[in-house]
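Next come the chains, spelled out residue by residue.
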Amino acid sequence: MGLAPVAIFLAALLFLDSYKLVRLPAVMAVVAAGMAAAGAAFFATGLLPASLDFAIVTRYVAPVMEESLKALVIVALVRMHRIGFLIDAAIFGFAVGTGFAIVENLQYLRLVPDAGLGTWLVRGLGTALMHGGTTAAFALIAVAQLERKAYRGIAAGLLLAVAIHSVYNHFFLSPFFSTAGIAIALPLILNAVFAHSDTAVGDWLGKGFDADAAMLDLIHSGNLSDSPAGRYLHDIKERFDGPVVADLLCYLRLYTELAMRAKGVLMMREGGFDAPVDEATREKFTELRYLEKSIGRTGLAALKPMLHMSHKELWQLYMIGK
């Protein structure tokens, strides 16, 4: 009762991911990171003054400390471009909470081995799902704020997670009513998120695929210089040596080809087909990394307006590279 509900819920989220954006090995690694966050929280709690009131710790100190540690895992994933859409944000967020809850409940079992079934009902269906839900909420808000380029708004996600955690630990009603509220509300909220994100992913795939195809047509047709992208390249070529300008154009072509390939992979996954990365695609990634070193950070910054390097585009290249 203490461990199964949160694990089953995480498995259900993976099943609902129609685009298969998140692979099981990555989820297990994030669960392990959540476990490490729980270990850090346990260590930090041991450093608190013994005179500090237990109610103060559980209601105010623990929510801030625990949600911050879990949020650090999500921030690291976002910065490494492992999260691109609301679906994978929800899954990875809940995975962090799952790892945290497993360690916390195992520790509770060690400390209170004679706890009754009612206690484990609250721990498993309430506290454990709360840990997963709060971190999923933070991840969802973080990704939504990134889409709007409102980076300061990410702090609002952490405040919301802390607030939910604190309210839950207050048990304003009874523990069983609080548990029932979490167990009923969380599936409904995440189901709505998945439905919205599925639609958003489909729209993005269609528009992005068309835009990438149009860019490749321009490059291959020889008419790039007459397009807005060509005029932009003409404007910036005076800042770079001739060979670097050639590398910029090669990088633009390779990046666009790989972006189209990544979108194609997602479309095939949504249709139930597996799409392994072939050797030719891996060679393109090798060439892309070489070109990144050749053109340098300045060149990448100059190309950024043409590549639409949002976190989604960077994520899709990471996804296909794996």
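What you are looking at is a predicted structure, and each value in this text was computed from that prediction instead of being measured. (Residues numbered from 1 in each chain as written. Predicted model: local features only at pLDDT ≥ 70, side-chain atom pairs only at ≥ 80, totals over all residues. Heavy atoms only, no water.)

Asker: What exactly am I supposed to notice about the nonpolar core here?
Answerer: The nonpolar side chains of soluble globular proteins are, as a tendency, buried together. In terms of nonpolar packing, the biggest core is built from 44 residues, with V27, I74, I83, I91 and F94 touching the most fellow members. Put simply, the parts of the chain that give this core at least two residues each are helix 1 (4-16), helix 2 (24-46), helix 3 (54-79), helix 4 (86-111), helix 5 (117-147) and helix 7 (175-221). Judged by nonpolar contacts, the second largest core, of 18 residues, contains V244, L252, A302 and L303. (Core = buried A, V, L, I, M, F, W, Y, C linked by side-chain atoms within 4.5 Å. Buried < 20%, exposed > 50% of the residue type's maximum accessible area, 1.4 Å probe, protein only. Helix = DSSP H or I, 4+ residues; strand = E, 2+ residues; numbered from the N terminus.)

Asker: Sorry if this is basic, but what is going on with the confidence of the model for the protein chain here?
Answerer: One rule of thumb: low pLDDT means the predicted coordinates there are not for detailed reading. Summary statistics for the protein chain give a mean pLDDT of 84 and a share of 84% for residues scoring 70 or more. Of all the helices and strands in the protein chain, helix 8 (residues 228-236) carries the lowest mean pLDDT, 66, while helix 2 carries the highest, 96. (pLDDT = per-residue confidence, 0-100.)

Asker: Before we go on, may I ask you to explain the pattern of salt bridges in this structure?
Answerer: Pairs can form between side chains of opposite charge whenever their charged atoms are close. According to the stated counting rule, one finds four salt bridges in the structure shown. Linking K70 and E67 is a salt bridge whose minimum nitrogen-to-oxygen distance equals 3.1 Å. Here E67 and K70 lie together in helix 3, a separation of three residues that amounts to about one turn. Judged by its relative accessible area of 2%, E67 falls in the buried class. The residue E257 makes a salt bridge to R253 at a minimum N-O spacing of 3.4 Å. You can see E257 and its partner R253 sitting in helix 9 (residues 242-270), four residues apart, about one turn around the helix. With a relative accessible area of 23%, R253 lands in the partly exposed category. (Salt bridge = Lys/Arg side-chain N within 4 Å of Asp/Glu carboxyl O.)

Asker: Explanation requested: helix 4 in the structure shown.
Answerer: Working note: α-helix, 3.6 residues per turn, so residues spaced by three or four point in the same direction. The terminal C-alpha atoms of helix 4, which comprises 26 residues, lie 37 Å apart, in line with the 38 Å expected from a rise of 1.5 Å per residue. Extensive coverage of helix 4 is indicated by the burial of 20 of its 26 residues. (Expected span 1.5 Å × (residues − 1).)

Asker: Is there a simple way to think about the packing of helix 2 against helix 3 in this case?
Answerer: Axis angle and axis distance: for two packed helices, these are the angle between their axes and the distance between the axes, and together they describe the pair. Relative orientation of the contacting elements helix 2 and helix 3 amounts to 145 degrees, with a least axis distance of 9 Å. Helix 2 and helix 3 meet at a crossing whose hand is right-handed. Along the contact surface, helix 2 presents V30, A33, A37, A40, A41, A44 and T45, while helix 3 presents M65, E66, L69, K70, V73 and L77. Here the contact of helix 2 with helix 3 is built from residues that sort into ten nonpolar, one polar and two charged. (Axes fitted to C-alpha atoms, helices over the stretch in contact; angles between N-to-C directions. Left-handed = near helix turned anticlockwise from the far one by under 90°. Contact = heavy atoms within 4.5 Å. Nonpolar A, V, L, I, M, F, W, Y, C, P; charged D, E, K, R; others polar.)

Asker: Would you mind showing me how to read the side chain of T256 here?
Answerer: Mapped onto the fold, T256 is located in helix 9. Of the residues examined, T256 reaches a relative accessible area of 5% and is grouped as buried. Once residues within four sequence positions are removed from consideration, T256 is found in contact with D212, M215 and L216.

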